[in-house]
Amino acid sequence: MTDSVKFNRACVIGVGLIGSSLAHAMRTAALVDEIIGVDRDADVIARAQKLGVIDKGETDLVKGVKGADLIIVSTPVGAIGAVAAELASAADDGALIIDVGSVKGVALDAAKAMPERVHFVPCHPVAGTEQSGPEAGFASLFHDRWCILTPAPRDDDAYKAAVDKAAALWSGVGAKVEIMTAEHHDLALAVTSHLPHLIAFTIVGAADDVESVAAGEIVKYSAGGFRDFTRIAASDPVMWRDVFLNNKEAVLEVLGRFSEELAVMQRAIRWGDGQALEDAFTRVRGLRKAIVEAGQESAAPNFGRDDKPR
Ligand SMILES: NC(=O)C1=CN([C@@H]2O[C@H](COP(=O)(O)OP(=O)(O)OC[C@H]3O[C@@H](n4cnc5c(N)ncnc54)[C@H](O)[C@@H]3O)[C@@H](O)[C@H]2O)C=CC1
Ligand SMILES: O=C(O)C(=O)Cc1ccc(O)cc1
């Protein structure tokens, strides 16, 4: 296992929330000498350069990745396959390529299709916010958060060294690293992230549909649980469209179980079965305690985000 790691030139493809956060974090930890930004949106490049997130910018991927020993694919999941296909010929020999996508099956397919001369290690930092764009990035985003690696089934030494380097990079920016299969990742994250986002989008949409409740009242009384859902439902529509299109089977599986649980609650409410409701609520309450104890959440909102107050 590599303890520390240093790159000469990193190329961040997709300079949004996660790409710019990783750029800030790598710079803060002195893990890189130079950072090039590539984005299909020239305005994003201009803003990122002005903010000092990147040293230079490019809208042309082939030009942008030239000379990079680290390439970070931080586009929405739906673009990973096409970007990787371009990198197969455009990346320098020996380059380490990582992605940060919320779904790993699609990144694993791209990693498997890569020529042996480059090393694509799929990664998912389980850390983020509802915001997007280079302005939203901050260096401490990955501190004490998990980053899941789902390596390709390659057992050559060069690839193993690349997996170690990717792990050292995430450790270097403060994350805790775990390795698992892409299939397991996509099921686990369907439960812990994808379904909750789908529910948030749906609840906020449903509130909007209840015509007898005025929009002003939704805002006024939102503290009763609804407000937390509106934060999540403010997340980027393109990013989440791609998550659901690319993790279809796992999301449909957990959605089926959720619907069954919901039907049980619906029945208990209809028949006034207070004991069933109380038992169900008591059973799930312990999970919150476990999450707080594991340090994944705190009583105070925005804990650990002193460099990016909201
Ligand atoms: N937002 C979050 O909280 C988290 C997001 N992720 C993953 O990180 C990735 C990026 O998400 P964000 O940074 O939130 O998105 P973002 O919307 O802030 O940034 C994405 C950037 O990619 C650019 N882009 C899109 N297609 C491109 C292409 N073909 N070539 C070059 N640039 C392209 C866009 O112009 C945009 O600037 C996604 O795959 C997402 O699933 C992972 C963890 C957390
Ligand atoms: O803002 C939140 O609550 C999130 O859940 C952020 C997030 C979004 C997508 C990911 O793949 C990981 C983290």
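All values derive from a computational prediction rather than experimental measurement. (Residues numbered from 1 in each chain as written. Chains lettered and ligands numbered in written order. Predicted model: local features only at pLDDT ≥ 70, side-chain atom pairs only at ≥ 80, totals over all residues. Heavy atoms only, no water.)

### Side note on the domain arrangement of the protein chain
- Assigned domains within the protein chain: domain 1 (7–180) and domain 2 (184–304).
- Each of domain 1 and domain 2 has a C-alpha centre, and the two are 30 Å apart.
- Across the domain 1/domain 2 interface, buried area totals approximately 1500 Å², and carbon plus sulfur atoms make up 56% of it.
- The three residues of domain 1 that bury the most area against domain 2 are Ser102, Val103 and Glu130, which together make up 35% of that side's buried surface.
- Arg231 is the salt-bridge partner of Glu130, the closest N and O atoms lying 2.7 Å from each other.
- The interface formed by domain 1 and domain 2 contains 6 residue pairs in polar contact (both at pLDDT 80 or more).
- Elements represented by at least two residues in the side of domain 1 that touches domain 2 include exactly α5 (105–112) and β7 (146–149). (Domains from an automatic or database assignment. Buried area = accessible area lost by both parts, 1.4 Å probe. Salt bridge = Lys/Arg side-chain N within 4 Å of Asp/Glu carboxyl O. Polar contact = N/O pair within 3.5 Å; in protein donor to acceptor, adjacent residues only side chain to side chain. Helix = DSSP H or I, 4+ residues; strand = E, 2+ residues; numbered from the N terminus.)

### Some details on the site of ligand 1
- In the vicinity of ligand 1, 25 residues are found, and the nearest of them are Ile18, Asp39, Thr75, Ser102 and Gly133.
- The contact in question runs from an oxygen atom of ligand 1 to an N or O atom on the side chain of Asp39, over 2.6 Å.
- Between ligand 1 and the protein, one listed contact pairs an oxygen atom with a backbone N or O atom of Thr75 at 2.7 Å.
- In isolation ligand 1 has 840 Å² of accessible area, and contact with the protein removes 88% of it.
- Residues of the shell around ligand 1, tallied by class, amount to 11 nonpolar, 11 polar and 3 charged. (Near = heavy atom within 4 Å. Areas by Shrake-Rupley, 256 points an atom, 1.4 Å probe, with all protein chains shown as cover. Nonpolar A, V, L, I, M, F, W, Y, C, P; charged D, E, K, R; others polar.)

### Focus on the side chain of Thr75
- Here Thr75 is to be found in the loop between β4 (70–73) and α4 (80–90).
- Overall, the relative accessible area of 16% leaves Thr75 in the buried class.
- In this structure Thr75 touches Ile13, Gly14, Ile80 and Val83, once residues within four positions along its chain are discounted. (Buried < 20%, exposed > 50% of the residue type's maximum accessible area, 1.4 Å probe, protein only. Contact = heavy atoms within 4.5 Å.)

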